[in-house]
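Analysis of the macromolecular model
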Amino acid sequence: MKWTDDRGGNVEDRRGTSSGGAIVGGGLGTIIIAAIVFFLGGDPSAILNSGGSSQSYNSGEKRELTANEQKIGEMVDMMGKWNLITWDKIFQENGMTYQKPKIVLFENTTQSGCGTAQSAMGPFYCPADQSVYMDMSFFNELQQRFGAKVTEFTIAYVLAHEMGHHVQNLLGTLDKTDQLRRSGRYSEEEMNKVSVATELQADFYAGLWARYSNEREKFLEPGDLESAVEAAEAVGDDNIQQRTQGQVNQESFTHGSSAQRKEWFMKGYNSGDIKQGDTFNQLLK
C-alpha cells in the first residue's frame, strides 16, 4: 500500500499512557458477549453499560512510543484523512453532509462515550461520541488466532469497516437497529439476522471506500485487496466458531459467514455505488 502526505488530524493517540480498570459486576455473560464484539463488532454500548457498575483509573504513568508505534499512528492518521475525503464526496453526491468522526488509539483500557473500552474487545465504533476505538494488539490476535496475514491494508480495511458503522450512524441505521433490539418484539435469532445485515453493510461500505479512495489516491498495490478479503474471511462467524468451538451454528451468526463478508466487501468495491448496499432487504426477507 502506497503512502501519501495526507493527514486527517482527527486521531487521538492515548497509547503510552498507563491505565487500568475493570467492568465490575458484569458477570460471565458480559465476558462472553464482549468476546463476540471482539470480532469486528459495532456498537458495544449495550454491553458496556449493562449490568453492574464500572471502575477505571489512570495511573498517570507515561512512556515514549516506539518508532514503529509512531509510524502506525501516522498511518492511521493518513487513513483517517482518506476516509474523510471519500465519505465527504459520497455524501455530497447524494445531497447529504458528512460529519467527521474521531479515531482513538489506545492500549489496555480507556474510556469511551459507550463506557470502558478494553483491548480484548477489538476495534469498535461508539455512536455516543462518534468515535472509532482501536487497540492495535487486535491485529496480533487476527493473525495468530484466526489465520489472517496482517498487512497495512488489513488495518485500512478494519478501520474502514468501523468507519462504515459511523456512516450507518449518520444515516440513522444504527438508531433503527437499536430500536428493534430494545422493542423486545423479536427473537434472538431474528435480532442476529439484523446484526449480520448491519455488519455486512459496514463491509460493503469498506469496499466502497476502497474503490473511491483508490481512484483518487492510487494507493493500492498487488495483494492489498486480497489481504482485506483474507481479513474479512478470517472474522467470518463460521471461521471463528470452527476455530473456537469446533463446530458451526448458523443461527447464532452475528456478523456473517466468511463468504458473505467477502461478497459484500467486494460488492462495495466493484459497484462503487452506495445504493447497492442494502443488506437488510436482501437478508431479512
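Each chain has its residues counted from 1, following the order in which its sequence is written. Per-residue local features of the predicted model are confined to residues with pLDDT of at least 70, and side-chain atom pairs are confined, for both listing and counting, to 80 or more; whole-chain, interface and lining totals are unaffected and use all residues. Working from all heavy atoms in the structure, the side-chain values ignore hydrogens and water.

**Topic: the pairing of strand S6 (residues 115-118)**
To keep things clear, this is the line we draw: Between any two strands, at least two bridges found by DSSP are needed for them to pair. Counting from the N terminus, the helices are the DSSP runs of H or I reaching at least four residues and the strands are the DSSP runs of E reaching at least two.
Looking at chain direction, strand S5 (residues 109-112) and S6 are connected through four bridges and run antiparallel. The residue bridging threonine 110 from the neighbouring strand is alanine 117, located in S6. Between the antiparallel neighbours S5 and S6 lie two residues.

**Observations regarding the confidence of the model for the protein**
Quick reminder of the rule: As a per-residue measure, pLDDT tells how confident the predictor is, with possible values from 0 to 100. Contact definition: two residues touch when any of their heavy atoms are within 4.5 Å.
Across the protein, the average pLDDT comes to 85, with 84% of residues at 70 or higher. Predicted confidence for residues 20-59 stays below pLDDT 50, and this span has 84 contacts to residues more than four positions away or in other chains.

**Digging into the sheet that holds strand S1 (residues 11-13)**
To keep it simple, the criterion reads: In this analysis, axes come from line fits to C-alpha atoms, helices being fitted only over the stretch in contact, and the angle between any two N-to-C directions falls in the range 0 to 180 degrees.
Spatially, four strands are ordered S1-S4-S8-S7 in an open sheet, and the strand pairing comes out mixed. Edge strands, defined here as strands with exactly one partner in the open sheet, are S1 and strand S7 (124-126). On average, each strand axis in the sheet is tilted by 25° relative to the strand beside it, whichever way the strands run. The sheet contacts of helix H5 (residues 152-171) involve strand S4 (102-105), S7 and strand S8 (131-134), and relative to S8 the element is tilted by about 150°.

**A look at helix H10 (residues 258-271)**
Which entries qualify depends on this criterion: Working rule for helices: expected span equals 1.5 Å times residues minus one. Exposure classes here rest on a 1.4 Å probe applied to the protein chains alone. A residue is buried below 20% of its type maximum, exposed above 50%, and partly exposed in between.
With 14 residues, H10 should cover 20 Å at 1.5 Å per step; its first-to-last C-alpha distance of 20 Å lies within 8% of that length. For H10, the full list of buried residues reads Ser258, Arg261, Trp264, Phe265, Met266, Gly268 and Tyr269. Directly beyond the C-terminal end of H10, a positive phi value near 65° is found at glycine 272.

**Some thoughts on the pattern of salt bridges**
Pairs can form between side chains of opposite charge whenever their charged atoms are close. This is how it is decided: In what follows, salt bridge is the name for a side-chain nitrogen of Lys or Arg lying within 4 Å of a carboxyl oxygen of Asp or Glu.
What the rule picks out here adds up to 13 salt bridges. Here the salt bridges share partners, and the residues they tie into one network are Glu12, Arg14 and Lys102.

**Side note on the nonpolar core**
Under the convention used in this document: In these notes, a set of buried Ala, Val, Leu, Ile, Met, Phe, Trp, Tyr and Cys residues joined through side-chain atoms within 4.5 Å is what counts as a nonpolar core.
Met1, Trp87, Met134, Phe153, Trp209 and Phe265 are the most contacted members of the largest nonpolar core, which totals 58 residues. Secondary-structure elements contributing two or more residues to this core are helix H3 (67-93), S4, S8, helix H4 (138-144), H5, helix H7 (188-217), helix H8 (224-234) and H10. Examining the composition of this core, we find that 10 residues originate from one element, H3, more than from any other. Excluding anything up to four places from it in sequence, methionine 1 contacts Met75, Met78, Met79, Trp82, Glu152, Phe153, Ala156, Phe219, Glu221 and Asp224. Core analysis: the next-biggest nonpolar cluster, separate from the first, contains eight residues, Val104, Ala117, Met121 and Phe124 among them.

**Observations regarding the packing of aromatic side chains**
Spelled out, the test is: Under the pairing criterion, centres of Phe, Tyr and Trp rings, with the six-membered ring standing for Trp, must be within 6.5 Å; the plane angle then separates stacked pairs below 30 degrees from edge-to-face pairs above 60, leaving the rest tilted.
One pass over the full model with this rule turns up 12 aromatic pairs. Look at phenylalanine 138 and phenylalanine 139: their rings are 5.2 Å apart centre to centre, the planes differ by 80°, and that puts the pair in the edge-to-face class. By relative accessible area, phenylalanine 138 is classed as buried at 2%. Ring geometry for tyrosine 157 against phenylalanine 265: centres 5.6 Å apart, planes inclined by 90°, an arrangement best described as edge-to-face. Of this pair, tyrosine 157 sits in helix H5 while phenylalanine 265 sits in helix H10, and the two are 108 residues apart along the sequence. Given the relative accessible area of 1%, tyrosine 157 is considered buried. Residue phenylalanine 265 is classed as buried on the basis of its relative accessible area of 1%.

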